[in-house]
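As a plain string of letters, each chain reads:
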Amino acid sequence: MSTATARVAGGRPARVRRPASRHSLTKGSALGLGVGMIWFSLLVLIPLTAVVWTAGEGGLGTFKDALTNKQTFNALKLTVLSSLAVTGVNIVMGTVIAWVLVRDRFPGKKLLDLVIDIPFAMPTIVAGLVLLSLYGAESPLGLEWNNTRKAVLLALAFVTVPFVVRTVQPVLEEMDTDVEDAAASLGASRATTFRRVILPTLAPAIFAGATLSFARAISEYGSLVLLSGNLPNRTEVASVRVYSAIEGGNQQSAAAVATILLLVALVAIVVFDLIQRRLARRG
Amino acid sequence: MSIDVSGLTKTFGDFVALDDVTVSLPTGQLTALLGPSGGGKSTLLRIIAGLDTADAGTVTIEGREATNLPARKRNVGFVFQHYAVFKHMSVAKNVAFGLEIRKRPRAEIDKRVAELLELVHLSQFRDRMPSQLSGGQRQRMALARALAVEPTVLLLDEPFGALDAKVRKELRDWLRRLHDEVHTTTIFVTHDQEEALEVADEIVVINDGRVEQVGSPDTLYDKPANDFVMRFLGETTDLAGQTVRPHDIDVSMSPGVAGSTPGTVTRILRVGFEVRVTVTTDDGAEALVTMTRTLARSTGVEEGAKVWLTAAKGATAVPVMRAV
Ligand SMILES: Nc1ncnc2c1ncn2[C@@H]1O[C@H](COP(=O)(O)OP(=O)(O)OP(=O)(O)O)[C@@H](O)[C@H]1O
Ligand SMILES: [Mg+2]
């Protein structure tokens, strides 16, 4: 195959990007950055530091005490495992719901689109009441899940439904179906197209939603206290432990549990981001 | 052997996008699907590729009944107007996609990708991401990606439609030369008559979901089947119930020729070497005549002059059928 004749004169050299200078900010963006940092510090950094500080005052011992306390340990374990499970469910179900909302046509689609946000938007204690009346004693569904671990999962799943849906939905809407057609014409099955073309595009959105959903789940309180019964070592979650520690006047122990939750959240953010990057690059 | 489309009908709700289309596209040739926007070109191309399904009719690709074959089994390369690149893959990965799907050995894939990138002049960009390429480069990458799987047919839907005029012309010439080397049966959609006339071996004119005419560029230009085809292939004007080309009208300053149409010059416009003369005929219609500056000068055409118009000998003319 001779290629000598096929020449494109228009192979313009790629424009050399002006290297973004790192040290000079325009006045506008300097102001923006300053205001942003102050706002963020006041709202987030300072209170966070205070919590970590309080926890740290007692030295590492406080953390050790917190973790060796069986009841606290079990509460943390239940919280993290339930949150992970619920986040896993959300990754799958949220993506499916977003897909259905964007790609399929069915009666009641508009309504579903509206209703999705309700679990997130309603006051959590109201959510708790709703769940209690549906799954509590004398459940109209015949599902008496009160005072069981199922109640924790249910409440967490309920309040975190919208996260993945709402992060994935706009990305799916923007996604060009041409790309899927291109993959199909190149011989890819639907499954392969999903795995190699669609998923990498959706991964950042899915994991952004998953991170939000996980963070919300490990900190959830209102929606599950009523249904779960807060049975020590069985259905008690970490936020309830924090609450009762403060009730009992043990600020340091509360701060220690809070700091551990904070660490778990940070680790989750990093891990989710790593998985996401991996998925987005694969293809 | 060829691509045979027979009795193809496609509707979107009440709207008929393709109306009983039957056409045979010869093997090894570069065929243009030409027609106005909304005429059904993309729809036809997508049905041939299996990306859409027809309501009725059959598609046969190189003797193989393909009507019910899914896109991935048709071995058809498709190039989209807006590139449809895999954004998260490098240029080389994009091109390798079809081969990886086919589970070819790594060494073979690498070799083929290198060859193709050479062919489309993107070798030095193999590790770039598509977002770092210009539009023309992206489209060449898309072309290499489609060619990688050695498709039986290559379908291009307005491949250069999103590019500026200059790059577009270069790529069009390049496509022609590429086709002369690769010889894959190629169908490309365009609504640019110049592009079709210049590049294609064969042109299929499609309008309103129907095939108006099939033929070589010369046939279409010299023997248009109807005034739609004629109008679509270049500038036309109406003279004495005929559609003719403005440069095919003889202007005379005296009523010498029998059957000539008398009129008055109402406007003269000089554009470069060309003079565009608007003549209002005695029955009130307007006709456009173009001629060279030299001829205009020697004939003595000027505004307000009385002239007689006749279609030149051997001029292509078809009866006026529809309102413009
Ligand atoms: N998915 C669809 N739903 C409804 N109508 C459609 C759909 N796809 C195409 N059409 C209609 O079918 C007709 C033919 O469309 P098609 O895309 O084939 O035109 P085209 O000849 O490719 O035009 P263009 O040159 O503008 O790309 C158009 O009027 C279009 O509105
Ligand atoms: Mg089109």
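Residues numbered from 1 in each chain as written. Chains lettered and ligands numbered in written order. Predicted model: local features only at pLDDT ≥ 70, side-chain atom pairs only at ≥ 80, totals over all residues. Heavy atoms only, no water.

**Focus: unusual backbone geometry**
Residues and elements named next belong to chain B.
- With a phi angle near 55 degrees, N75 is a residue other than glycine that sits in the positive phi range.
- If you trace the backbone, N75 turns up in the loop between β5 (64-65) and β6 (76-79).
- By relative accessible area, which is 22% here, N75 ends up partly exposed.
- The phi dihedral of K103 is positive, around 55 degrees, even though this residue is not glycine.
- For K103, the location among the structural elements is in the loop between α2 (91-101) and α3 (106-119). (Helix = DSSP H or I, 4+ residues; strand = E, 2+ residues; numbered from the N terminus. Buried < 20%, exposed > 50% of the residue type's maximum accessible area, 1.4 Å probe, protein only.)

**Side note on the domain arrangement of chain A**
Residue and element names in this part refer to chain A.
- Considered domain by domain, chain A is made up of domain 1 (27-57) and domain 2 (60-282).
- Contacts between the two partners involve six residues from domain 1 and, on the opposite side, nine residues from domain 2.
- Across the domain 1 to domain 2 interface the summed buried area is about 580 Å²; carbon plus sulfur atoms make up 74%.
- When the buried surface of domain 1 facing domain 2 is broken down by residue, V51, T54 and A55 rank first, second and third, together holding 61% of it. (Domains from an automatic or database assignment. Contact = heavy atoms within 4.5 Å. Buried area = accessible area lost by both parts, 1.4 Å probe.)

**Re helix α9 (residues 190-219) of chain A**
- Helix length check: α9(A) (30 residues) gives 38 Å between terminal C-alpha atoms against 44 Å at 1.5 Å per residue, more than 12% under.
- The largest bend along α9(A) reaches roughly 55 degrees and is located at A:L199, with the proline A:P200 sitting one to four residues downstream. (Expected span 1.5 Å × (residues − 1). Bend = angle between axes of the 7 residues up to and from the residue.)

**Description of the interface of chain B and chain A**
- Across the boundary between the two partners, chain B contributes 34 residues, which contact 32 residues of chain A.
- Summed over both partners, the interface of chain B with chain A comes to about 2,900 Å²; 60% of that surface belongs to carbon and sulfur atoms.
- On the chain B side of the interface with chain A, the three residues burying the most area are B:R72, B:H88 and B:E181, jointly 20% of the side's total.
- The interface formed by chain B and chain A contains two salt bridges.
- With its nearest N and O atoms 3.0 Å apart, the salt bridge here joins A:D181 to B:R46. (Salt bridge = Lys/Arg side-chain N within 4 Å of Asp/Glu carboxyl O.)

**Some details on the site of ligand 1**
All names here are of chain B.
- The local shell around ligand 1 holds 13 residues, among which S37, G38, K41, S42 and T43 are the closest.
- Separating an oxygen atom of ligand 1 from a side-chain N or O atom of K41 is a distance of 2.8 Å.
- A distance of 2.6 Å separates an oxygen atom of ligand 1 from a polar side-chain atom of S42.
- If ligand 1 stood free it would expose 620 Å²; the protein chains cover 59% of that surface.
- Mapped by element, the contributors of at least two residues to the shell around ligand 1 are β2 (15-26) and α1 (41-49). (Near = heavy atom within 4 Å. Polar contact = N/O pair within 3.5 Å; in protein donor to acceptor, adjacent residues only side chain to side chain. Areas by Shrake-Rupley, 256 points an atom, 1.4 Å probe, with all protein chains shown as cover.)

**Observations concerning the nonpolar core**
- Core analysis: the biggest nonpolar cluster contains 47 residues, and B:V95, B:V113, B:L143 and B:I203 have the highest contact counts within it.
- Looking at which element gives the most residues to this core, the answer is helix α4 (residues 135-148) of chain B, with seven residues.
- The residues touching B:V95, leaving out its near neighbours within four places in the chain, are B:V113, B:L116, B:L117, B:M141, B:A144, B:R145 and B:A148.
- Formed by 40 residues, the second largest nonpolar core is a distinct cluster that contains A:A182, B:L25, B:L51 and B:V149. (Core = buried A, V, L, I, M, F, W, Y, C linked by side-chain atoms within 4.5 Å.)

**Let's talk about the side chain of A:S223**
All names here are of chain A.
- With respect to the element layout, S223 can be found in helix α10 (residues 222-228).
- By relative accessible area, which is 0% here, S223 ends up buried.
- Within the local environment of S223, its side chain forms a polar contact with the side chain of E220, the two groups lying 2.7 Å apart.

**Side note on α4(B)**
- The terminal C-alpha atoms of α4(B), which comprises 14 residues, lie 20 Å apart, in line with the 20 Å expected from a rise of 1.5 Å per residue.
- Here α4(B) lies mainly inside the structure; twelve of its 14 residues are buried.
- Residues of α4(B) that are buried include every one of B:G136, B:Q137, B:Q139, B:R140, B:M141, B:A142, B:L143, B:A144, B:R145, B:A146, B:L147 and B:A148, and no others.
- Packing partners of the buried residues in α4(B) comprise α8 (177-185) of chain A together with β6, α2, α3, β7 (153-157) and α5 (165-182) of chain B.
- Downstream of α4(B) by one or two residues, B:E150 has phi in the positive range, about 45 degrees.

**A closer look at the pairing of β2(B)**
Residue and element names in this part refer to chain B.
- Relative to β2, strand β1 (residues 2-12) runs antiparallel, the two being bridged by eight bridges. Counterpart to T11 in the pairing with β2 is V16.
- Counting the residues between successive antiparallel strands, the hairpin from β1 to β2 contains two residues, one of them, G13, with a positive phi of roughly 65 degrees. (Pairing = 2+ DSSP bridges.)

**Points about the pattern of salt bridges**
Residue and element names in this part refer to chain B.
- Counted according to the given criterion, the structure contains 33 salt bridges over all chains.
- For the salt bridge of E198 with R172, the shortest nitrogen-to-oxygen distance reads 3.1 Å. One end of the pair, E198, is in helix α6 (residues 193-199); the other, R172, is in helix α5, with 26 residues separating them in the sequence.
- A relative accessible area of 39% places E198 in the partly exposed class.
- On the accessibility criterion, R172 (5% relative accessible area) is buried.

**A closer look at the packing of aromatic side chains**
All names here are of chain B.
- Throughout the structure, instances matching the rule amount to nine aromatic pairs over all chains.
- Aromatic pair F78 and F80: ring centres 4.6 Å apart, planes at 40 degrees, arrangement tilted.
- Taken together, a centroid distance of 4.6 Å and an interplanar angle of 50 degrees make the contact between F86 and F97 tilted. Of this pair, F86 sits in the loop between β6 and α2 while F97 sits in helix α2, placing them eleven residues apart in sequence. (Phe/Tyr/Trp six-rings, centres within 6.5 Å; stacked < 30°, edge-to-face > 60°.)

**Concerning the domain arrangement of chain B**
Residue and element names in this part refer to chain B.
- Under the domain assignment, chain B is made up of domain 1 (2-228) and domain 2 (237-319).
- Computed over C-alpha atoms only, the centres of domain 1 and domain 2 are separated by 41 Å.
- With five residues of domain 1 in contact, the opposing surface of domain 2 contributes six residues.
- Each partner contributes to the roughly 440 Å² buried at the junction of domain 1 and domain 2, and carbon and sulfur atoms together form 52% of this total.
- Per-residue buried area on domain 1 facing domain 2 is highest for Y221, P224 and D227; these three make up 84% of the total on that side.

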